[in-house]
Structures are given as C-alpha cells and as structure tokens.
Amino acid sequence: MAGLELLSDQGYRVDGRRAGELRKIQARMGVFAQADGSAYIEQGNTKALAVVYGPHEIRGSRARALPDRALVNCQYSSATFSTGERKRRPHGDRKSCEMGLQLRQTFEAAILTQLHPRSQIDIYVQVLQADGGTYAACVNAATLAVLDAGIPMRDFVCACSAGFVDSTALADLSHVEEAAGGPQLALALLPASGQIALLEMDARLHEDHLEQVLEAAAQAARDVHTLLDHVVRQHVCEASVLLGD
Amino acid sequence: MVPDWKVVQDYLEILEFPELKGIIFMQTACQTVQHQRGRRQYNKLRNLLKDARHDCVLFANEFQQHCYLPRERGESMEKWQTRSIYNAAVWYYHHCQDRMPIVMVTEDEEAIQQYGSETEGVFVISFKNYLDNFWPDLKAAHELCDSILQSRRERENESQESHGKEYAEHLPLEVLEAGIKSGRYIQGILNVNKHRAQMEAFVRLQGASCKDSGLVSDILIHGMKARNRSIHGDVVVVELLSKNEWKGRTAALCENDSDDKALGDPPSEPMPTGRVVGILQKNWRDYVVTFPSKGEVQSQGKNAQKILVTPWDYRIPKIRISTQQAEALQDFRVVVRIDSWESTSVYPNGHFVRVLGRIGDLEGEIATILVENSISVVPFSEAQMCEMPVNTPGNPWKVSPEEERERKDLRETHLVFSIDPKGCEDVDDTLSVRTLANGNLELGVHIADVTHFVPPNSYIDIEARTRATTYYLADRRYDMLPSVLSADLCSLLGGVHRYAVSVIWELDKTSYEIKKVWYGRTIIRSAYKLFYEAAQELLDGNFHAVDDIPEFRDLDERSRQAKLEELVWAIGKLTDIARHIRAKRDRCGALELEGVEIRVQLDEKKNIHDLIPKQPLEVHETVAECMILANHWVAKKIWESFPHQALLRQHPPPHQEFFSELRECAKAKGFFIDTRSNKTLADSLDNANDPNDPIVNRLLRSMATQAMSNALYFSTGSCAEEEFHHYGLALDKYTHFTSPIRRYSDIVVHRLLMAAISKDKKMEIKDNLFSNKDLEELCRHINNRNRAAQHSQKQSTELFQCMYFKDKDPENEERCISDGVIYSIRTNGVLVFIPRFGIKGAAYLRNKDGLVISCGSDSRSEWKPGSLHRFQDRITSTTTGGESVTFHLFDHVTVRISVQASRCHSDTIRLEIISNKPYLRPDTELLHQSSLLLKSDLVKEVTRTVEEAQLAQEVKVNVIQEDYQKYCQTKGRSLYTLLEEIRDLALLDVSNSYEM
C-alpha cells in the first residue's frame, strides 16, 4: 500500500478539510451543578470535560499558599477508553503530569491571580476521547469552565495545534496527521491582545518555516475564539432567560 | 467521461492517451488505485491529472455534501465504490443543468444493468463499449485494450496453476524497512552490467546505508537467482552474503551473447556479494523489443501464444508476452511494457503497446533510441502553437509600446553583436561593450528573453518542461521550443528588434574591477551576427574577412571603415576584459582543466568539437568567459534573493580513487598526474604532453574527464552552501542562464531573476515560483533528461558508425583499416581508441577458439595457440612456438573495423588488430586534416544511402518521379545545412564529454 497522502494535490487533507480549516467545534458550559464551573467541548472526535473549583482556601499544606496571588492547580487525566488502544493510565504518570503543568502555565498567564491572594483555583480536565489536539481541547474546555466559574481572566485562552506537511501549514491536526510524525506545534493564545500564553513544539522544524506554522496556528486559535465567544454568549442568554430577567 | 475505479486501475494506460480528454476522476477511484495498486500507478495517475494537456480533473466526491454516500450495512466495498462514483456522476449531470451528457465507464456488469437507464443523460457502459462507440478510429487504444485484457486473463490462469517457484519471495515492506534501519539490509540502485547481463549486476549504495555499513565499493549481485526479479534501475534491498561466498568481478572482455563458462579466467579479488531480498521501487518503463524470428518461434514450442521477446537493452531480461500477432510483428521493433513478475516464472510478463518501425531501418532505429531513453518528441500541438506570437511577412511581429516603456532601450545607445558558429539559427546570446562618460567601461551580456513568450504553466511551457532540453542526434535535432520562437522571435538575429534579458557590468577603466552590476529586461538590436572565424580574423587585424560579413556589404567605403573600426575596437576590448577576468579567476586558485572546459563550452554552443588537438580560437574563449561571468553573477543574484528556491548548478569534486587508472596510465608514459586539487590536476595534465604523439594528452584528458562526476542542477534549499561549489570552473556559485532557447533550466533561472528584480523593486512577484520541493523534483527531471539526451546522442552516433561500416567490405575497403591507440589493458584483450573516427572499442588478443594473437616479422597478425600474460601496463601474447608479441599502453596498432550485426540489439563495431605497427596511410599529410570532415561525411553518406533506398522504393510505387526527385533534393539540401550545423556532434564520444 502506498503511504498515506496527508495533503492531496488538490489541497485536501485526509478527512476532507483544507489546510487551514478547523474541525467542527461544539461546546457546552455549566454541565455539572456541584462544581463552580464546568464545560464540555468536542473538537471533531476529540472530547474533553473540564471542571473548576475555586477560588477557595488552600487545601492541604498551607505552606503552599502564595502571599500575592492565587495558586492554580491543574490536573489532567484521560479515560482508559479515550484512545484506540485501551490502556489504564494511573494518576500521576509522566504524560498527565506534563500536561497538567502546561495547563497550569497557560492559565497562570490568563487568570488574574493577584485578585485572590492566598487562595487556590483547581482545574480538572478529563479527556474522554483523544483524536489529536488533546492539549488544545483541554485548554479550550478549561477556558469555558473558568469563565463559567466566574473567575476573572485577562482574556479567553484559545489553543490550537498546527503541523507542517509538504511545505504547507495544517491547522488543528487529527490523530492520523499527528501519527504521521511530522513537526507539530501547540499554541495557546490570548486572542484580543495577540499574546502567546504557551507555545510548545518538540520536533525539528526549519526556522524559516516556523513563522508560517505559527501564523496558521494563531489564525486557527482566533477562529476558535470566535466560536467559543459564541458559545459563551449563548450560555449567558440561556442563563438569563432561566433567571427570568 | 467518468471512469469507475476498476477501469482506472486496469486501463490507466489507455486513459493516458492524449486523444482522450475531459475525464473526471472521482476521488473514490483514485483512492482505490492508491491503496490497491501502490505508489507507482498512483503517481502515474497524479501526473496525468497534473498534465494540463489532458484536461482531466479530480473531483473530491467523498468530501462533497451531495455526493457522499455512507456505506450501507452488508454492502461490499466494491459495490459501495461503484455506487458512490455513479452518484457523483449523476450529481454532476444535474449540476451542469442536465445539458451535458455524462458517460460512466465501468467493468461491473451488474452496475451497467442497474444504473444503465436510471438517469437520463448519464450513460453507464463498459469500457470496451466506450472505445467502440466513441473512439472507433483510435486503433492503438483498441490494440492496447486487447493486449491488456489478454495478459490479465493469462495472469488469472497462471495464478491458479502456480507451480514450482523460480525465485524467493520478496520480503514485506515493513521487514525491509526495519532491516535497513538496523543495518541488516542495504538499500541501493541496481545496475546491471551491460556486457554480462545474465550474471553480473551491481548495487550502488544510496545515502545513509553507505556510511553505516562501511562499504566503499558497490555490491555484486551474481546470477539471476540472487537478483531475484529486480530489473536494471530498480531500488532494491540487498542482504550481504557471508564472506566465503563473495565473488570477484570479471575483468576480461567478452561479447554480450557469449557463454560465461567459456571464460576460464580466474576472477579478480572477491568483492562484497549479496542477494536481493526485496524491491522498494520498481523502475519499469517502456522497453523496445524484438520478436524472435520464425525458426526460433517453433523451437519455443508448445505455447505459441506466449512469446519470449528480447529487449533491445541488454540489461533487461527477456519478456514474456502473449499475442497473436507475433508473426506479423517479426521484422519490427516493438514497444512493450512489463506487467508483473511472479515468483513462479523465470521471465516477467508484459504486454504489447505499439510498433516503432522495421529492424535496420534508420527511422525505426532512431525511434528505438528515443523510446529507450524515454524521449517523446511529438510535433507541437495546435493548442501549443496557438499560444505562439505570429510573425509572417504579411503580419510581422512588432515591439509593443507597453514593452517599450517598461524595458530599457539599448537599440540606439549600444553596439550589440553576436558571435556564433557559422549557420547558427538560434542565437541566444549577444555581447556589447562601450566606454561610459566617466571613462569606465560597460560590458553587457544580452540573452534572448524567452520567458516573455513562454508564460509559466502555459501549454508551451509544460511541453518545454517535459522536454527539458533540445535533443541533438547525429543527423537531426528535436527542439525544445517551436521554431517560430527558437529560430525567429527569440533568436537575437542581426538587424532586428528583439527583447532581451541583460546583465550589464560597469568595470573600472584600468583594473577592470567590477563596480556595479545591473540586471533587467531590455530591447536590443544586434548590429552584427558574426561567426567565430571572422571575429578571430578581425581580432588578428586581418580585414579581408570583412567581405564575409553581410552587414558590411552594402555600405560605402567611408562609413564602412568607421563601423569596422568601432567593431574591431569592441572585439579587442572584449577580449582584453575576458583575459583579465580569467586571470583573476586563475589567481583565486581557479580555473583549471582548461582543455576540457573549453571543449565543453564549445559543445554547448554547438561549436566545432575538435578531435584534433589544435588551439581553439581566442574568440571562443572570450565568448565563453563572458557567458561564465554572466552565469556566475546571475547565480549569485538569484541565490541572494531566494536562498531556498534558486536553481544552481554544482559540480562535486571527484573521488580520488577514480583517478587511479589515470595515474597508472600516465605512469606508463612517464608522466606524473597530481590529482589532489583541480589546480594541480590541470597543471600536471598540461605537462603530460608527448611531443611525438599528441593523442596521448587527449586520451589522458578524456580519462580525467571520465573520472569526474557530472555537473548537476540542484535547488539551493536541498543542500548545504558548501556543496554549491563548481569544481571544474572553480566558482562558488554557478548556474545556466545563457541558453534559454535550448535548456529549460535557463528558463527557470530567467524567471527567478525576473522575480528577484521585482523583489528588489518591492513589487509583487507575478510568477508563482517553484517551492524548494518542486524545484528539486524539476532539477531531477532536467538532469535525467540531460542524461537521456547525452545517451541518445551517443547511441545515434554509434548507429551511424555502424551503418557507415555496414556496407563496406572489411577485407578490401581501405577505409575500414585504421590506426588505433591502446588505452587500457584487460586480461584477454585491449581497449583501442581510433582517432580518425573517434571510435573506442575492444580488441581481443584471444579469440573464441582460445587462440592468441601473434605477429610475424612483417608484423601481420595471425591466430595461433598460446597464452596471454597481463601486466600493469602491457600485455604479452606468447605462442606455443615461442614467438611473443607485447602490447604497451599507448602503442599504436593497425585495426580493422567491421560491424557485428545483431537482430535484437543495436549493431556493434568490432575491432580486430591486424598489425602491431602503426598504420601508415598513403597520404600522410592528410592525417592532419580535420577528422570532422570525415565524421560529417560519414553521417551524410549514411543519410544519403537511406534516402536513395527510400527513393528507389518510391519509384517502385510509381509515383510521379520528378516530383519526388525534387522533393528529395530539397530534403537533401536542408539536411546538408542541418549537418553543417551539427557536424561537431557527429562522432564525439559523448560519455566523456561532460557538460559544465
């Protein structure tokens, strides 16, 4: 069998998208009653659930409290059934630790932590189905959850991945495209200011192409922002109807 | 027309016919091809889609909302695919508002019944039916269809039979890849030894595996079993055998068809030997074959339908094809394609594609050479010619006012002239030189602006890209661009207004230091179209040559004198500048291999390639130097503007080990060749001159050239900057810019230069430039085509040599006996170079019966029983009678030339040593006459006899004789001019003339 053609001559990707196109994004906020904030997002077949508690007093050792700002605590986990291969992933394995850390960095940059000194904000994210771009889905879900919790943020944090195939940048990679082994980049953006909350890439990519890939990822992140903004507005509408204003 | 997936899989070759246009390929069909038929066929399909000439499109039906159909429960894959394609066809029909009838072609009987009348306007028919109804006249397609059908049926039968296996199965791809990574297997390209195609093949290592395994040499693949169904040119995976199974290569000369057992020579020392375990990429192409003659057919016996045909190329195994037309095709050269090679069969299966021509017929043989080199030269199509500007006496082409505004006008200000060989039609380059107001000099090189007439991705551009170069055969040429461009509108002829792309330098008046450089589009009017000899005369101060220059003829004495002085000054100045530039390059440790370089430069300008070592005219050098300068500066410019997508030309430094033969040979004559750097090599080659025998130096030089690798085009994005270096010219960057009429690479460079200029002006870049990846692919293509052009040129030359000697009786004809020089020693013979005809070939010292050569007192040679002893620089033949004769390197001998006729392959020249003394021609003075005359004579003579034969035939058919005589005459005359043009290309040994 011939090798998989990630980008056809006509400019289609394996799943029929164009190079800069996103997968279908559907999201809901406020899916859990007991949490302060929660959200569920689907990006194509990648599905993630985020829950936010806080800001509340520091749990556990008080020594961790920060005098000038809130502590952001992120935990990532993925369901055993989330990937093609069924595998138990215990808490605290390397991959989820790293993902938790990345999420923490992202949200420390976005949440106005100095408003809540000596307190703690917990963000729990669970991936229910992983089909590429798990980090992006987690960040987007967590953003919605934080918004739902009413924690003040500088801006939305919108994330998207991008890859590079045949000297073309592809936005929002699916699992098939990730598995092909090309360079992949994950970007979390504060869209209004255009500031980058987190940028991560662990493959080799020639520096000349970096700008192109970065621009593709940023554009995709801005697109994600429009969609999330829509979701938030709709949620607020619904909530206000329920409250009977 | 919409083909079903099955049709695309099986009949792609027919769909490739240029007549079949407007095919819509559905994505579903393409994907099945990709998954089931592998990359090769898929790439063919992709090329078909890319080729604008075919008007084919791909419709991504699975991505289209209205065309997508989910697969139903229990529905087979095939059914679903057919249903999807049909559905998309129906949708498209409605999309075109039911105006355009659609034909869906399928092989599925059920589908024809089910869908046949479902929608009006969408016809579902079988492929055979389609051909019958729509293309009843396209005979070739019908034949091809039949032969594909037949070979498929055969294959089905065979797979049922499946008897004992002849070859080991190939390993699966994953295993191969893992094996290569772990170092267990080695990847490389299979090269079959032309002279021992049955037994010996070598695998040239590729890339990474070369370093890892620590192997320096190639890997020997001994025998057909070990070669395991791979064919010359395939990318194969090899497993090394254990050391005790290693074999050596045979150094003895042998004829192609002789049995290997006959050679009792102990092979040389063992080299790494391996066997093929898998093929990564098959490199099958069209092959020219010959059917066996009647007698042989019967001997093949029982299965008359399947016939083993013999490819023209020795390196390709016999191919088994099934056809009923075997008898009719007996005397023809035929093109076939290989379909498959099962492990159960000794020979590959193929099918018949088309007929080329009769065996031995000049046209047929030339067509064979073209096909074997994958050169396709159909006349330019109407669509292509429609794009061409018009230039007829009634409607002459004019400079357009817009262009006049945008271009720099040099028509009044500059004295522009061209120097070319006599009778040259396509003038790509002109020169100018003048003094500026500040006293500085201004040197200009003006190149024909081909890109103005050839917009990117136009039909003509695509055609030129496919051809990549103009092909020069011994008696004809195939142009890259139509003659309206190449010989007229792009050609910078004298006295007419032409568009050009210019590089203009400002030079310091005394030091000739380059101060400024300007690149851009211009309009010029060449004042003189000089030829080299006249220019040299003027340079030397001989003014009687003036009468040959047509531009001066109609002038009165005064203005003539003034103009002449102006021209002479310009040529003189130009020569002066060229000398300086050259000296400067010399000082930078540069320019070496003078002889070689000059010769090649001359070749490129279709100039006389001198087989006699005479000093080339200085004007040659001047023009060449200016062109090198222009190429060099353009290379710098485009590289600066586009560091990752510029097309440059590199010449990698040669491997030292290849020089060993050269050093050995030189030592035999007492010379020392220092090959450490290009400079030392050139110096020592200059010193290695035997005053008594000028041929020695030429042979040494040609050996040095042979040891070097070829210069290649490449994309700057694909290799590191240190590798850009040009070894032969000793320049850090070099490209080809000066002959856009003849080379596609130059067209690409022109576009790059134009883009670079508009980039400098901060203007938008109009043309879409090639990305690094595309450019890399293009470079590979151009390099391939150049190689094909060289091969075809060489083969056509050999063809003419053979045809020339064929009619001569070797025993009596005086011309068949000639002087030769021994330039290499083998165990059972020597390699001889015949300066007079430019032939290189092998001469045996031991014949088939095992007798060796001996020379009596009168130095006549005879065959006697005896033995041969080979030494480093000589070979001695001792007869049982005690007489012995020794042949040294560079000895002159007398050889008899005869032709060995061959039915299936090309005829070959045979050499036989008849005396160990130099051959003295009765007219010794004539020896110094240029052998060129002989070469062109030879070509002429062959062409004439062919024409005569044609004429005789035509007379037989009783056509009006006079008309034909006239026709032949005109043809003869035009051929003569053609021959004049290309006589330099007639007999040179292309293998050792490498391009700079």
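Preceding this paragraph is the structure being described.
Here the structure is a predicted model, which is why all the values come from computation and not from measurement. (Residues numbered from 1 in each chain as written. Chains lettered and ligands numbered in written order. Predicted model: local features only at pLDDT ≥ 70, side-chain atom pairs only at ≥ 80, totals over all residues. Heavy atoms only, no water.)

Trainee: I'm lost on the pattern of salt bridges in this one. Help?
Mentor: Close approach of charged atoms allows side chains of opposite charge to pair. Overall, the coordinates contain 41 salt bridges over all chains when judged by the stated rule. A salt bridge links A:D172 to A:R23, with the shortest nitrogen-to-oxygen separation between them at 3.0 Å. Of this pair, A:D172 sits in the loop between β7 (168-171) and α3 (175-179) while A:R23 sits in the segment before β1 (25-29), placing them 149 residues apart in sequence. By the burial criterion, A:D172 is buried, and A:R23 matches it. A salt bridge links B:R743 to B:D746; the shortest N-O distance between them is 2.8 Å. Under the relative-accessibility criterion, B:R743 is labelled buried at 5%. Here B:D746 falls in the buried class, since its relative accessible area comes to 0%. (Salt bridge = Lys/Arg side-chain N within 4 Å of Asp/Glu carboxyl O. Helix = DSSP H or I, 4+ residues; strand = E, 2+ residues; numbered from the N terminus. Buried < 20%, exposed > 50% of the residue type's maximum accessible area, 1.4 Å probe, protein only.)

Trainee: Looking at this structure, how should I read the packing of helix α26 (residues 744-760) of chain B against helix α27 (residues 772-806) of chain B?
Mentor: A packed helix pair is summarised by two numbers, namely the angle formed by the two axes and the spacing between the axes. All names here are of chain B. Contact geometry of α26 with α27 gives a least axis separation of 10 Å together with a crossing angle of 150 degrees. Classified by the angle their axes make, α26 and α27 are roughly antiparallel. Contacts from Y744, S745 and V748 in α26 reach L775, L778 and I782 in α27. Its residues assigned to classes, the contact of α26 with α27 shows five nonpolar, one polar and no charged. (Axes fitted to C-alpha atoms, helices over the stretch in contact; angles between N-to-C directions. Parallel < 35°, antiparallel > 145°, perpendicular 65-115°, else oblique. Contact = heavy atoms within 4.5 Å. Nonpolar A, V, L, I, M, F, W, Y, C, P; charged D, E, K, R; others polar.)

Trainee: Quick question: what am I supposed to make of the interface of chain B and chain A here?
Mentor: A common way to report how large an interface is uses the accessible area buried once the components associate. Every contact between the two is made by 14 residues of chain B and, on the other side, 16 residues of chain A. Both sides together, the interface formed by chain B and chain A hides about 1100 Å², and carbon and sulfur atoms give 52% of it. Taken as a group, B:Q34, B:H35 and B:F63 account for 40% of the area that chain B buries against chain A, more than any other trio of residues on that side. The tally of links between chain B and chain A comes to one salt bridge. Measuring nitrogen to oxygen at the nearest pair gives 3.7 Å for the salt bridge that ties A:D166 to B:K773. Counting across the chain B and chain A interface gives one residue pair in polar contact (both at pLDDT 80 or more). With eight residues, the top contributor of residues to the side of chain B that touches chain A is helix α3 (residues 27-50) of chain B. (Buried area = accessible area lost by both parts, 1.4 Å probe. Polar contact = N/O pair within 3.5 Å; in protein donor to acceptor, adjacent residues only side chain to side chain.)

Trainee: Can you walk me through the packing of aromatic side chains in this structure?
Mentor: Here the distance between the centres and the angle between the planes together describe a pair of aromatic rings. Residue and element names in this part refer to chain B. In the structure shown here, the tally under the stated rule is twelve aromatic pairs over all chains. Taken together, a centroid distance of 5.8 Å and an interplanar angle of 55 degrees make the contact between W397 and F453 tilted. With a gap of 56 residues between them, W397 in the loop between α13 (382-386) and α14 (401-406) and F453 in helix α15 (residues 450-453) connect regions that are remote in the sequence. Aromatic rings pair up to connect Y11, F127, Y130 and F134 into one cluster. It is R467 that lies over the ring of F380; its NZ or CZ is 4.3 Å from the centre. Between the NZ or CZ atom of K636 and the centre of the ring of W633, over which it lies, the distance is 4.0 Å. (Phe/Tyr/Trp six-rings, centres within 6.5 Å; stacked < 30°, edge-to-face > 60°. Lys NZ or Arg CZ within 6 Å of the ring centre and 35° of its normal.)

Geometry only, nothing functional implied.
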